[in-house]
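# Descriptive structure summary
For reference, the chains in residue letters:
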Amino acid sequence: MRLVILCFFFRFRILTPAYDAFALWLISVICEIWFALSWILDQFPKWFPITRETYLDRLALRFDREGEPNQLAPVDVFVSTVDPLKEPPIITANTVLSILSVDYPVDKVSCYVSDDGASMLLFDSLAETAEFARRWVPFCKKYNIEPRAPEFYFSQKIDYLKDKVQPTFVKEEGP
């Protein structure tokens, strides 16, 4: 329906030129055509949506072969923050912990934090986060914990011991 209205509009615009300001009329018609084409191109994904499905078992067969080095590409993730009052350090810490505990080879993931505000509060919280990550990341990978941000994991209203009969899940032995 919108395309039909658009065609009627362009038909009217092209068939009724402004002869006293022809250059301005021509420029406006060219701009309107350009915007119409960009709108149509923007509508294509909405008309024909693409749904994709990831087959993790196929990825493992392709990139994680035994006896060969892992062929997955290295991933660098940049986390930027400015003001600890507007973005609390706990949010940044949970983001960093989620990135570090992603289901990806450890030697292929790097996380960089850019603090443009140079906050000592964020620096101290990230130092504590690094210490906590030494226990949290292996725990998440061992027991396949989801979500991997501790704040969101512990705020869920679920029984953490349900279907976890392993005594090591309840109490991890420290180093």
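Structure's up top.
Summarised in this report is the structure supplied together with it. (Residues numbered from 1 in each chain as written. Predicted model: local features only at pLDDT ≥ 70, side-chain atom pairs only at ≥ 80, totals over all residues. Heavy atoms only, no water.)

### Brief notes about unusual backbone geometry
Worth spelling out the cut-off: Only DSSP runs of H or I with at least four residues qualify as helices, and only runs of E with at least two residues qualify as strands; both kinds are numbered from the N terminus onward. Think of it in three bands: with a 1.4 Å probe and only protein chains considered, a residue is buried below 20% of the maximum accessible area for its type, exposed above 50%, and partly exposed in between.
Residues Glu-146 and Pro-147 are joined by a peptide bond in cis, for which omega reads -10°. Notably, Ala-118 is not glycine yet its phi reads approximately 50°, a positive angle. For Ala-118, the position within the fold is in the loop between strand E2 (109–115) and helix H5 (120–143). Residue class for Ala-118 comes out exposed when judged on its relative accessible area of 63%. Backbone geometry at Asn-144 places phi at a positive 55°, although glycine is not the residue there. Among the structural elements, Asn-144 can be located in the loop between H5 and helix H6 (150–155).

### Regarding the packing of helix H1 (residues 2–15) against helix H2 (residues 22–47)
The criterion, for reference: Axis angles are defined between N-to-C directions and span 0 to 180 degrees, where every axis is a line fitted to C-alpha atoms and, for a helix, only to the segment in contact. Put simply, angles under 35 degrees are roughly parallel, angles over 145 are roughly antiparallel, angles from 65 to 115 are roughly perpendicular, and the rest are oblique. In what follows, a contact means two residues having at least one pair of non-hydrogen atoms within 4.5 Å. Basically, the charged four are Asp, Glu, Lys and Arg, the nonpolar ten are Ala, Val, Leu, Ile, Met, Phe, Trp, Tyr, Cys and Pro, and anything else, Gly included, counts as polar.
Where H1 contacts H2, the two axes come as close as 11 Å, and the packing angle between them is 170°. In terms of orientation, H1 lies roughly antiparallel with respect to H2. Contacts between H1 and H2 involve Arg-2, Leu-3, Leu-6, Phe-9, Phe-10, Arg-13 and Ile-14 on the former and, on the latter, Trp-25, Ser-28, Val-29, Glu-32, Ile-33, Ala-36, Trp-39, Ile-40 and Trp-47. Of the residues that constitute the contact of H1 with H2, the class distribution is twelve nonpolar, one polar and three charged.

### Topic: the side chain of Lys-108
What counts here: For the purposes of these results, a polar contact is taken to be a pair of N or O atoms within 3.5 Å, where, inside protein, one atom must be able to donate a hydrogen and its partner to accept one; residues adjacent in sequence count only when each atom of the pair is a side-chain atom.
Residue placement: Lys-108 occurs in the loop between helix H4 (89–100) and E2. Of the polar contacts made by the side chain of Lys-108, one reaches the backbone oxygen of Leu-72; its length is 3.0 Å. Look past the residues within four positions of Lys-108 in its chain and what remains in contact with it is Asn-70, Leu-72, Ala-73, Pro-74 and Val-75.

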